[in-house]
Amino acid sequence: MVSRSGFGGADMDMPGGGKRSGRAGARGAGLALLAAGLGVLGACLAAFAAAEPPPAAPGETVLWAADRDASRVYGLDADLYLTRRLPVDWPLDVEPAGDGGLWVLRAETGSAASTQRLDRFDAAGALVTELWIERAADLDVLAGGEQALVVEVRAGALPRLVRVRTEGSLFPLIERDGLACVSGERESAVLGTRSGEVLRVHAITGGVLASANLGGHLADLAAGPAPGMVWALDDSGPGRILLLAADLTVRWSAPLPRPARHLAPVRGEERVWVANTEEPCVVRFGPGGAVELDRCGLPLPGLDRALAWRGGVLVTAVGAILRLDQGGNLRPGQGGFDFVSDLAPTAR
């Protein structure tokens, strides 16, 4: 920017012997310089625009992230960029539905003592149905999300497993003391208890198809690497991870190096990730229970939920999703959350 004072003062001679005031000459020269400067600026901006491609639009939604304290469920693409926002009060647990929608277990209020609701959203994000739940210990789905399974904990009654259809029909399947977790399959569900009992029940009748007592305290179950096989997490004492056969016998068991609460199996492989809840570490177990990776020193505390992801793993931390590759190296994750309570793929 040129200062006007550079052109003030005595009159200036003009070609042909004419004269004009210094003020008029200053104004004309200033306007010419301003126009030239704007031309240069425009050329620079055009060059920058040509050199910098516009930001790519977000991709397809492939992941749900429940943010409890923000009262939102977010859709993310394969690179963890935001694609959708669903307003849902205090979401705790999320699972995919068969039509591209989702099931959300949520609290009624922000109080830890509040009752809960099971919400069913369609693929467009519209609320289809809502059920009152006294308290839920776990949520999973049957047949790729066509129906939901809820372990309901009730005051003055035994905990029970209920099956829920999209329109809100509820079908009690089995009552059992100490029910804590469930893993759904296509025609059956596997249940774990606080006393270490594991049961396979028919998804329609609730009849017990197989049972075993593993001891300890079963905190989480997940579908195993082959049909009928089941991963189990015992969080009593130092903790164990177990791989169960279809008849619920133990194929192998391995001790946990540190406490954990949830499982993140690699689909179709004899591998499973766990996030440690007391230290910023993740562990991957491989065939036979071998520890393939033990990665500590992660940059955020409060690890809990995990999801096997593109050869590596996603882990919930305080206000963020950490992403690690197969070798345990940090990759671009996603931040800006209030409290990520759960992760789930949009389809199984």
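Per chain, residue numbering runs from 1 following the sequence as it is written. In keeping with the model being predicted, local features are shown solely for residues with a pLDDT of at least 70 and side-chain atom pairs are shown and tallied solely at 80 or more, while totals for entire chains, interfaces and linings include all residues. To get the side-chain values, take all heavy atoms of the structure and skip hydrogens and water.

### Structural notes on the pairing of strand β27 (residues 312-317)
Selection criterion: Each residue gets one of three labels from its accessible area relative to the maximum for its type: buried under 20%, exposed over 50%, partly exposed in between, using a 1.4 Å probe on protein chains only. Numbering of helices and strands runs from the N terminus, with a helix taken as a DSSP run of H or I at least four residues long and a strand as a DSSP run of E at least two residues long. Here, strands pair whenever DSSP counts at least two bridges between them.
Buried residues dominate β27, accounting for six of its six residues. The loop that links strand β26 (residues 306-309) with its antiparallel partner β27 comprises two residues; one of these, R310, has a positive phi angle of about 50°. Across five bridges, the pairing between β27 and strand β28 (residues 320-324) is antiparallel. Among the inter-strand pairings, V313 is bridged to a residue of β28, identified as L324.

### What to know about the pattern of salt bridges
Two side chains bearing opposite charge may form a pair once their charged atoms approach each other closely. Cut-off, in case you're wondering: The term salt bridge refers to a side-chain nitrogen of Lys or Arg lying within 4 Å of a carboxyl oxygen of Asp or Glu.
A complete count under the given rule lists 23 salt bridges for this structure. D69 is the salt-bridge partner of R68, the closest N and O atoms lying 2.7 Å from each other. Taking relative accessible area as the criterion, R68 reaches 27% and is therefore assigned partly exposed. By relative accessible area, which is 40% here, D69 ends up partly exposed.

### Quick look at the nonpolar core
Proteins that are soluble and globular tend to have nonpolar side chains buried together. We count it as follows: Only buried Ala, Val, Leu, Ile, Met, Phe, Trp, Tyr and Cys residues count toward a nonpolar core, and they belong to the same one when joined by side-chain atoms within 4.5 Å. Here, two residues are considered to be in contact whenever any of their heavy atoms come within 4.5 Å of each other.
Of all hydrophobic cores here, the largest spans 15 residues; its most connected members are W231, I241, L256, L263, V274 and F285. Every element with two or more residues in this core is listed here: β19 (230-234), β20 (240-244), β21 (250-255), β23 (272-275) and β24 (282-285). Apart from residues no more than four positions distant in its own chain, L263 is found in contact with D220, L221, A222, W231, A232, L233, I241, V272, W273, V274 and A306.

### Things to note about the packing of aromatic side chains
To describe a pair of aromatic rings, one takes the distance between the centres and the angle between the planes. Stated precisely, the cut-off is as follows: Ring geometry is summarised as follows: Phe, Tyr and Trp rings, the Trp one being its six-membered ring, pair when their centres sit within 6.5 Å, and such pairs are stacked at plane angles under 30 degrees, edge-to-face over 60 and tilted between the two. Lysine NZ or arginine CZ positioned within 6 Å of the ring centre and within 35 degrees of the ring normal marks a charge as sitting over the ring.
On inspection of all chains with the given rule, the structure shows two aromatic pairs. Centroid distance W231 to W252: 5.6 Å. Interplanar angle 70°. Geometry classified as edge-to-face. Here W252 lies in strand β21 and W231 lies in strand β19, a separation of 21 residues in the sequence. Judged on exposure class, the residue W231 and its partner W252 are both buried. The cationic tip of R68 hangs over the ring face of F339; the distance from NZ or CZ to the ring centre is 4.0 Å. Lying over the aromatic face of F171, R163 brings its terminal NZ or CZ to 4.5 Å of the ring centre.

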